[in-house]
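Fold and contact review
Next come the chains, spelled out residue by residue.
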Amino acid sequence: MNALLVRRAGHYGFIAFCAAAFIFLVAPILVIVPLSFNAEPYFTFTEGMLRLDPEAYSLRWYQNVIEDEAWSRALINSLVIGSAATLLATALGTLAALGLASPAMPGRALITGILISPMVTPIIIVAVGMFFFYSSIGLGQSYTGLILAHAALGAPFVVITVTATLSGFDPILLRAAASLGAGPLRRFFRVQLPLIAPGVFSGGLFAFATSFDEVVVVLFMGGLEQRTIPRQMWSGIREQISPSILAVAVFLIAFAVLALFTVQWLRGRSAQAR
Amino acid sequence: MRLRGPRATAVALTLPLLAFIAASFVAPLGTLLSKSAYEPNVANILPRTLAALDGWSGDGPPAEAAFAAIAEELPKARQERTLVRVAGPVNRLKSGMRRVLTRTARQVETTEFAGSWREALIGINPAWEEPDTWLAIQAAGTRFTLRHYLQALDLERRPDGSIGLQPEESRIYMPLLWRTLLVSLGVTLLCLAIGYPIAHLIATSPPKRSNLLLLMVLVPFWTSLLVRTTAWIVLLQRQGVINSLLVALGLTPDSERLEMIYNMTGTFTAMTHVLLPFMVLPLYSVMRSIPPTHMAAAASLGANPVQGFIRVYLPQTLPGIGAGGLLVFILAIGYYITPALVGGRSGQLISNMIAYHVQTSLNWGLAAALSSILLVAVLGLYLIYSRLIGIDRMRLG
């Protein structure tokens, strides 16, 4: 009887601990959402908000962000740099993953290690190195420099996701296509690419999200012209903290949830394709 | 090694990305690291002065030739706007030299030559009489130098030429490095302590609940780092949500609001929150593959739950602990953004010191030396990771 009680208590303790841990994970993100509708310029719930008084809520911070030219320019910059970097990273990363998946690939471990290294190198070292290097070749404070930098940071994600998808790809399909007379390009575009497309897309999404959230390289390399959304948030947090950044934060949370569901959906698709 | 057939195709496919990473990522790292030991500026700007100092004993002021050379080269550097590149490094070796050099450069231009540059310069500033001044210029003029590494390791070169530890009160970088390692270790252990139970819960729940719980880990994982940091500022600051709640509940008086952010607590909390998913996801994928029958078998053989956990379950999760722990530790020791935004003064880590030397003190050589030490540490851990776990087994989300 006693042992059963102890076991019960242990079980409930475990559940309570996990509940607290999940609250720790999610609550900070959830708290931002209602606070972004605060009618007052405070970062905490006003009495009116707690009474659910409609007067205490407003869209003024959203309006602020939409009307502020700095934010709309930052959005355009983020989209331009993010898309260009994603295209570059996805194209090069997919090719590399195809090569790495080949059983004939020499030195696979070493090459994979080099290709993935941008993901684990401390970002400050990357940013400072790129700042020195790109200014010395005349690409400092330029879109080109930032696109190249972000493509290098995003490519590892593409390599990892496409490699994972390729492990479920049956190479016999390529031989079947070849026996039916398809050349190498046709085999790739008509047979292999459609089957690994979900992996390529999620890799691209990872690369885009990396660029869309990258602030340190932009901080060191970008000029006033190239301010992106994270860069604008950085100044918002450091210099003039205003609830406007909470409105932007809600937009970024929505983007994150959308990206997450897309990747999950794509994963379901690639599992079906097997 | 002959390259033909499938092998050539495989290499040709990886080559574009390899070349791209080499040009856009490895080359910048090389540029940075070279700055830690190679400093050509002073040698390029004051070549004649340094040549004139060659062979000088170091006792008393040098010969007239050195005075004449620097009286010509300083104003020239001032006109070409390269004087800062000399003044910075020399000033770091002997404080006050920035002013001596800039003032001398300006005043020499208007000084009439009266037979001796030596007297003219000493007339402008008595510092020119001191051998230390010239020793500083000479030391800054060496192209290849290890002094940034010595400084980064809190070492110094004694007057007799031997190398030893700096006096305790002026050691800065080794304590900071230790602090970074300790914080990273602390964050890793905390992530393990929180992540292990929840990964277990996710892995053993029925599919529907398991998916929902996994979502609660993945949403923070995908959410922008800056958003998560902002969230912690909103929660933890003096006028923030938690303090206001405590005051409203009467648990803390209004005058004694808790200091939970802009210090080490802030760094620790926010870092744990950001890195927790990197621990949970590898643990979860390992735990999912452990059949529940193992624990049942242990129980049927007479093990109590604690014994069963320690002898049957825990050993099987070790690969997950290794993968998650190493990944969190690697990411933690290079952490920059969170400490910079919520760390205040006491919560800064080695990355923040590197940024300080690049942006504020402009001591790029030292920043580069600190970077290479950090890089070696991270690459070492990365090597261990790839040996133990295998990079190609890294999974995302």
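Model, not experiment: these values are computed from the prediction.

**Section: the overall build of chain B**
Helix and strand counts for chain B come out as 19 helices and 2 strands. A compact globule built from 397 residues would reach a C-alpha radius of gyration of about 21 Å, whereas chain B, at 29 Å, exceeds it by more than 25%. Considering chain B as a whole, with its 397 residues, one finds that 49% of them fall into the buried category. Within chain B, contacts between residues at least 6 apart in sequence are counted, and of these 67% link residues at least 24 apart. Carbon and sulfur atoms form 61% of the exposed surface of chain B, whose accessible area is close to 19,000 Å².

**With respect to the overall build of chain A**
The secondary structure content of chain A amounts to 12 helices and 0 strands. Walking chain A from its N terminus toward its C terminus, one meets helices and strands in the order α-α-α-α-α-α-α-α-α-α-α-α. In summary, chain A has a C-alpha radius of gyration of 24 Å against a globular reference of 19 Å for 274 residues, an excess of more than 25%. Counting only C-alpha atoms and orienting by the principal axes, one finds that chain A spans roughly 75 × 75 × 35 Å. Looking at chain A residue by residue over its 274 residues, the buried ones come to 51%. Surface exposure of chain A reaches about 12,800 Å², of which carbon and sulfur atoms provide 67%.

**Section: the packing of aromatic side chains**
Summed over the entire model, instances satisfying the criterion amount to 19 aromatic pairs over all chains. A centroid spacing of 5.1 Å and a plane angle of 25° characterise the contact between A:F37 and A:Y62, whose relative ring orientation is stacked. One end of the pair, A:F37, is in the loop between α1 (2-35) and α2 (47-50); the other, A:Y62, is in helix α3 (residues 60-67), and 25 residues separate them in sequence. Overall, the relative accessible area of 28% leaves A:F37 in the partly exposed class. With relative accessibility at 19%, the residue A:Y62 sits in the buried group. Note on B:Y196 and B:F309: the rings are 6.0 Å apart at their centroids and 90° apart in plane angle, and the pair reads as edge-to-face. Placement of B:Y196 in helix α10 (residues 173-204) and of B:F309 in helix α16 (residues 305-333) is noted, with a sequence separation of 113 residues between them. Residue B:Y196 is classed as buried on the basis of its relative accessible area, which comes to 11%. Taking relative accessible area as the criterion, B:F309 reaches 31% and is therefore assigned partly exposed. Among the aromatic residues, ring-to-ring pairing joins A:F131, A:F132 and B:W364 into one connected group. The ring centre of A:F132 lies 4.7 Å from the NZ or CZ of B:K35, which sits over that ring.

**Here we look at the interface of chain A and chain B**
Contacts between the two partners involve 88 residues from chain A, matched on the other side by 83 residues from chain B. Summing both sides of the interface, chain A and chain B together bury roughly 7,600 Å²; the carbon and sulfur share of this comes to 85%. Put simply, chain A and chain B have 0 salt bridges between them. Where chain A touches chain B, the interface holds 7 residue pairs in polar contact (both at pLDDT 80 or more). Tallying contributions element by element places α1(A) first for the side of chain A that touches chain B, with 15 residues. In terms of residue class, the side of chain A that touches chain B is built from 74 nonpolar, 10 polar and 4 charged.

**A look at the packing of helix α18 (residues 350-359) of chain B against helix α19 (residues 364-388) of chain B**
All names here are of chain B. Close contact between α18 and α19 brings their axes to 8 Å; oriented N to C, the two are set at 155°. Here α18 is positioned roughly antiparallel relative to α19, judged by the angle of their axes. With respect to the hand of their crossing, α18 and α19 are arranged in left-handed fashion. Residues I350, S351, M353, I354, H357 and V358 of α18 form the contact with α19, whose participating residues are W364, L366, A367, L370, S371 and L374. Partitioned by chemical class, the residues of the contact of α18 with α19 number 9 nonpolar, 3 polar and no charged.

**Section: the side chain of A:T161**
All names here are of chain A. Looking at the secondary structure, you find T161 in helix α7 (residues 143-166). A polar atom in the side chain of T161 sits 2.4 Å from the backbone oxygen of F157. With near-sequence residues (within four places) excluded, T161 lies in contact with G199, S202, G203 and F206.

**Details of the environment of B:L383**
Residue position: B:L383 is located in helix α19. Remark: the alpha-carbon pair of B:L383 and B:V358, spanning 25 residues in sequence, is separated by 28 Å.

**Remarks on helix α6 (residues 123-136) of chain A**
Between its first and last C-alpha atoms α6(A) spans 20 Å; for 14 residues at 1.5 Å apiece the expected length is 20 Å, and the two agree. On its buried face, α6(A) is in contact with α7 and α10 (216-221) of chain A together with α1 (5-34), α18 and α19 of chain B. Of the residues trailing α6(A), A:G138 is marked for its positive phi of about 80°.

**Details of the confidence of the model for chain A**
On average, residues of chain A score 90 in pLDDT, and 97% of them are at 70 or above. Helix α4 (residues 69-101) of chain A holds the highest mean pLDDT among the elements of chain A, 95, whereas α2(A) holds the lowest, 80.

**Points about the pattern of salt bridges**
Residue and element names in this part refer to chain B. Summed over all chains, the structure comprises 6 salt bridges over all chains. The salt bridge involving R78 is made with E109; its shortest N-O contact spans 3.7 Å. Of this pair, R78 sits in helix α4 (residues 64-79) while E109 sits in helix α6 (residues 97-110); the two residues are 31 residues apart in sequence, bridging distant segments of the chain. Judged by its relative accessible area of 36%, E109 falls in the partly exposed class. Residues K94 and E130 are paired through a salt bridge, measuring 3.2 Å at the closest nitrogen-oxygen approach. You can see K94 sitting in the loop between α5 (83-93) and α6 and its partner E130 sitting in the loop between α7 (117-124) and α8 (131-140), a full 36 residues away along the chain. A residue is classified by how much of its surface remains accessible, and K94, at 19% relative accessible area, is buried.

**Let's talk about α7(B)**
Residue and element names in this part refer to chain B. Residues of α7 that are buried: W117, A120 and L121. Summarising the axial view, the buried residues of α7 lie within an arc of 95°, below the 170-degree limit, and thus occupy one face. Exposed residues on α7 whose side chains face more than 90 degrees from its buried face are E119 and G123. Its buried side turned inward, α7 meets α4 and α6.

**Let's talk about the packing of α1(A) against helix α12 (residues 225-236) of chain B**
Contact pair α1(A) / α12(B): the axes reach a minimum separation of 9 Å and the direction vectors enclose 80°. It follows that α1(A) is roughly perpendicular to α12(B) by the angle criterion. For the pair formed by α1(A) and α12(B), the contact residues are A:F24, A:P28, A:I29, A:V31, A:I32 and A:L35 on the first element and B:V227, B:R228, B:A231, B:W232, B:V234 and B:L235 on the second. In the contact of α1(A) with α12(B), the residues fall into 11 nonpolar, no polar and 1 charged.

**Regarding unusual backbone geometry**
Residue and element names in this part refer to chain B. A positive phi angle is found at D154, which is not glycine, with a value near 60°. By secondary structure assignment, the location of D154 is in the loop between α9 (147-152) and β1 (155-157). The phi torsion at Y262 lies on the positive side, around 60°, for a residue other than glycine. Secondary-structure assignment places Y262 in the loop between α13 (241-248) and α14 (264-288). You can call Y262 partly exposed: its relative accessible area is 40%.

So, how was this worked out
Residues numbered from 1 in each chain as written. Chains lettered and ligands numbered in written order. Predicted model: local features only at pLDDT ≥ 70, side-chain atom pairs only at ≥ 80, totals over all residues. Heavy atoms only, no water. Helix = DSSP H or I, 4+ residues; strand = E, 2+ residues; numbered from the N terminus. Rg over C-alpha atoms; globule rule 2.2 N^0.38 Å. Buried < 20%, exposed > 50% of the residue type's maximum accessible area, 1.4 Å probe, protein only. Contact = heavy atoms within 4.5 Å. Areas by Shrake-Rupley, 256 points an atom, 1.4 Å probe, with all protein chains shown as cover. Phe/Tyr/Trp six-rings, centres within 6.5 Å; stacked < 30°, edge-to-face > 60°. Lys NZ or Arg CZ within 6 Å of the ring centre and 35° of its normal. Buried area = accessible area lost by both parts, 1.4 Å probe. Salt bridge = Lys/Arg side-chain N within 4 Å of Asp/Glu carboxyl O. Polar contact = N/O pair within 3.5 Å; in protein donor to acceptor, adjacent residues only side chain to side chain. Nonpolar A, V, L, I, M, F, W, Y, C, P; charged D, E, K, R; others polar. Axes fitted to C-alpha atoms, helices over the stretch in contact; angles between N-to-C directions. Parallel < 35°, antiparallel > 145°, perpendicular 65-115°, else oblique. Left-handed = near helix turned anticlockwise from the far one by under 90°. Expected span 1.5 Å × (residues − 1). pLDDT = per-residue confidence, 0-100. Arc of directions from axis to C-beta.

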